[in-house]
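A structural walkthrough
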Amino acid sequence: MNDKEILETNSKEKLKIVFMGTPDFAVPALKKLIERHNVISVFTKEAKPVGRNMVLTKSPVQVVAEEYGIPVQTPKNFKDVLSITKVQMFHPDMIIVCAYGVILPERVLDIPRLGCINIHASILPRHRGANPIQRAIMAGDRMAGVTIMNMDKGVDTGSMLLKDAIPVPQDMTYGELENALSEMGGNLIIEYLDNMDNILPQRQPREFTLAPKLEKEEAIINWEKNATTIHNLVRGLSPYPYAKFTHNDNVIKLIKSEVVKETTDKPAGTVLSNDLQIACGEGTVLKILSVQKAGGKIIDTKSFLNGYKIEIGEVLK
RNA sequence: CGCGGGAUAGAGCAGUCUGGUAGCUCGCAAGGCUCAUAACCUUGAGGUCAGUGGUUCAAAUCCACUUCCCGCAA
């Protein structure tokens, strides 16, 4: 063991880390890393106009980084030499990426001597891609988790280092699962850094599934699908952007639903009862528990029906 | 100045255009009917119509401003 290696071993707890991430999901990991290691810089997506008044808003990761006084970089991407140089400048031992939203080219992946490590919110190789958490709920997965992995030039294709998983109750929403996995990701990356030397990278099995970015049309409910599929869509898109349907030109978001045991022979979309049980595909029935109308707050179905007319026998589209 | 909707009883809404007694569906309370009920009937309580100012004989309603809430878009 030469001097350099001894030095590295002794200073392992003081790894120079560059953190890359953007949304709330990445915040627990960032905080834990800041507390235990040496996060020398944070890369995040640039502040963008957001919300009702188009106010320029910093990403949650940037807000936290600035609270801790850590320098923040917001390159648009790494297609130009300058933004790559920005990474090189810091001479990081390791880059840790968590829901960054920007693709890292090989020239960036090669910079840190300990490589680029990704915190991915699925049990790989299931749900590679941009929206693993929503996709897991939408698919009705019984288990969900986080994988710590080495990054390579493919999207979520690198070798796996550490995993953890939790059961997913069939009424859990995307938001709830995201919170759970967000904490898990923070804990798991710390666990990895503590035990790095004893962890062997493992190749991903060949069989994988993709979790592509959500398209807008996917939020529109198709009553021809069976009730479980729709129910999974509802909770997979809660609390954002919510599954929706239109009734008399009113957009109605479906906040909470429940699959009913009974079956029906009415065509899909038929309103079956005065508490909004709706016929779905294959004779299944979905009960709507709470909704939100454009301009209104989230309310339970009973309140909603006190002021909004939907007749039994109507067929929703 | 990105586009738009909204604030009326504990809840959800109508009424505003066209100014003139505060309404609907629920909930709540009391009583009745019933073997019984979340069903049905009767009665009742509960409002500073978001706030401030203006117009008017008269404002939930028209005008101006303020505060708060929400949808779209990104």
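Remember, it's a predicted structure, so these values are computed and weren't measured experimentally. (Residues numbered from 1 in each chain as written. Chains lettered and ligands numbered in written order. Predicted model: local features only at pLDDT ≥ 70, side-chain atom pairs only at ≥ 80, totals over all residues. Heavy atoms only, no water.)

A word on helix α3 (residues 60–67). Given 3.6 residues to a turn, an α-helix orients residues that are three or four positions apart in the same direction. For α3, every residue scored as buried is listed here: V61, Q62, V64 and A65. Down the axis, α3 shows its buried residues gathered within 165° of arc, on one side only. Looking at the buried side of α3, the elements it contacts are β1 (16–21), α2 (27–36), β2 (38–43) and β5 (72–73). Downstream of α3 by a residue or two, G69 has a phi angle that is positive, lying close to 70°. (Buried < 20%, exposed > 50% of the residue type's maximum accessible area, 1.4 Å probe, protein only. Helix = DSSP H or I, 4+ residues; strand = E, 2+ residues; numbered from the N terminus. Arc of directions from axis to C-beta. Contact = heavy atoms within 4.5 Å.)

Now for the pairing of strand β11 (residues 250–260). For a regular strand, side chains alternate in direction, first toward one face of the sheet and then toward the other. Where strand β10 (residues 243–247) and β11 come together, 5 bridges link them in antiparallel fashion. When the sheet's bridge partners are listed, H247 is paired in β11 with N250. Here β10 hands over to β11 after 2 residues, with N248 in that stretch at a positive phi of 50°. (Pairing = 2+ DSSP bridges.)

What follows concerns the environment of N250. Secondary-structure assignment places N250 in strand β11. Residues N250 and A294, spaced 44 residues apart in sequence, show a C-alpha to C-alpha distance of 7.2 Å.

The next point concerns the pairing of β2. Counting buried residues along β2, 5 of its 6 residues qualify, which places the element largely inside the surrounding structure. Where β1 meets β2, 5 bridges bridge the pair, whose relative direction is parallel. Across the sheet, residue F19 finds its bridge partner in β2, namely V42. Remark: the β1/α2/β2 crossover connection has right-handed handedness. Both β2 and β5 contribute to a ladder of 2 bridges, which runs parallel. Bridge pairing in β5 places F43 opposite Q73. (Right-handed = clockwise from strand over helix to strand, strands pointing away.)

Bringing the confidence of the model for chain A into the picture now. On average, residues of chain A score 92 in pLDDT, and 96% of them are at 70 or above. Interface confidence in the predicted complex, given as ipTM, is 0.86; pTM for the same model is 0.88. (pLDDT = per-residue confidence, 0-100.)

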